[in-house]
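Structural characterization, general
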Amino acid sequence: MDQADQFRRGAVVGGRYEVTAAIGRGAFGQVYEARHLATGHNVALKVLRPRSAVVTDAMRQEFFAEASVTAGLCHPNTVRVFDFGETDGGALYLTMERLIGETLQHTLARLKRQQRPLGDSASRAIARAVLGSLAEAHAVGLVHQDLKPTNIFLQRIAGGQFVCKVLDFGLAVRVSEESNASTHAAGTPQYMSPEQACGQPVDGRSDLYSFGLVLFECLTGNSPYVANTPREFLGA
């Protein structure tokens, strides 16, 4: 079955999620809004784009293993994963809390047009939230590997305030107890740690390096590195 048919408006996924709208597309999949048929609550349904045309047994096992660990994260500044599965058509999906607001990337871009940085107070609040989220993930052996402004979401709440949420632990890798490292090559060149850019094993310190680059951008309005291509960022 074609993915467009599997996730058209009104389609029911996993026997309990009715697709209501398409939200957007990311590097690793398509995101839809869906309604839980039993509770009526809205969720974000993320359909993962496989690395190949066919989902293999190895890919399926890796997805379910990592999704199970990710669903166990409960820090208030980590987007909650409620459920995961595979459709009859062979598509792998996650359901997460539906957030209203904007990514940190959108916030920084708007402020840059106004020629001003985010500021100390808001940057400190984001730092506390993101570091708390990472601390929980690192404690159970997850390395995010793609921490950047696009994966930090500012959720609007009553009173005009926001709650910071770390998104997309779908790229996260499990650090084995034996090696205490992962050799997966992934991420966004502009925010990669040196060891990640070189394809070397990474651990939680790589996420801290990436978040340091994000904080620099929050406080100054600019990236610490200037490059025109991903290859130039990797060589910066």
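Going by the structure above, here's the rest.
Residues numbered from 1 in each chain as written. Predicted model: local features only at pLDDT ≥ 70, side-chain atom pairs only at ≥ 80, totals over all residues. Heavy atoms only, no water.

1. Here we look at the packing of helix 4 (residues 120-139) against helix 6 (residues 204-220)
Packing of helix 4 against helix 6 leaves a shortest axis separation of 11 Å and a crossing angle of 170°. Considered as vectors, helix 4 and helix 6 are oriented roughly antiparallel to each other. The handedness of the crossing between helix 4 and helix 6 is right-handed. Across from Asp 120, Ser 123, Ile 126, Ala 127, Val 130, Leu 131, Leu 134 and His 138 in helix 4, the residues of helix 6 making contact are Gly 204, Asp 207, Leu 208, Phe 211, Leu 215, Cys 218 and Leu 219. Looking at the contact of helix 4 with helix 6 residue by residue, the class counts come to 10 nonpolar, 3 polar and 2 charged. (Axes fitted to C-alpha atoms, helices over the stretch in contact; angles between N-to-C directions. Helix = DSSP H or I, 4+ residues; strand = E, 2+ residues; numbered from the N terminus. Parallel < 35°, antiparallel > 145°, perpendicular 65-115°, else oblique. Left-handed = near helix turned anticlockwise from the far one by under 90°. Contact = heavy atoms within 4.5 Å. Nonpolar A, V, L, I, M, F, W, Y, C, P; charged D, E, K, R; others polar.)

2. Notes on helix 2 (residues 57-71)
End to end, helix 2 covers 21 Å across 15 residues, agreeing with the expected 21 Å (1.5 Å per residue, within 8%). Taken as a whole, helix 2 has its buried residues at Met 59, Phe 63, Glu 66, Ala 67, Val 69, Thr 70 and Ala 71. (Expected span 1.5 Å × (residues − 1). Buried < 20%, exposed > 50% of the residue type's maximum accessible area, 1.4 Å probe, protein only.)

3. Looking at the side chain of Asn 77
Note that Asn 77 resides in the loop between helix 2 and strand 5 (81-86). Setting aside its immediate chain neighbours within four residues, Asn 77 contacts Ala 129, Ser 133, Val 163, Cys 164, Lys 165 and Val 166.

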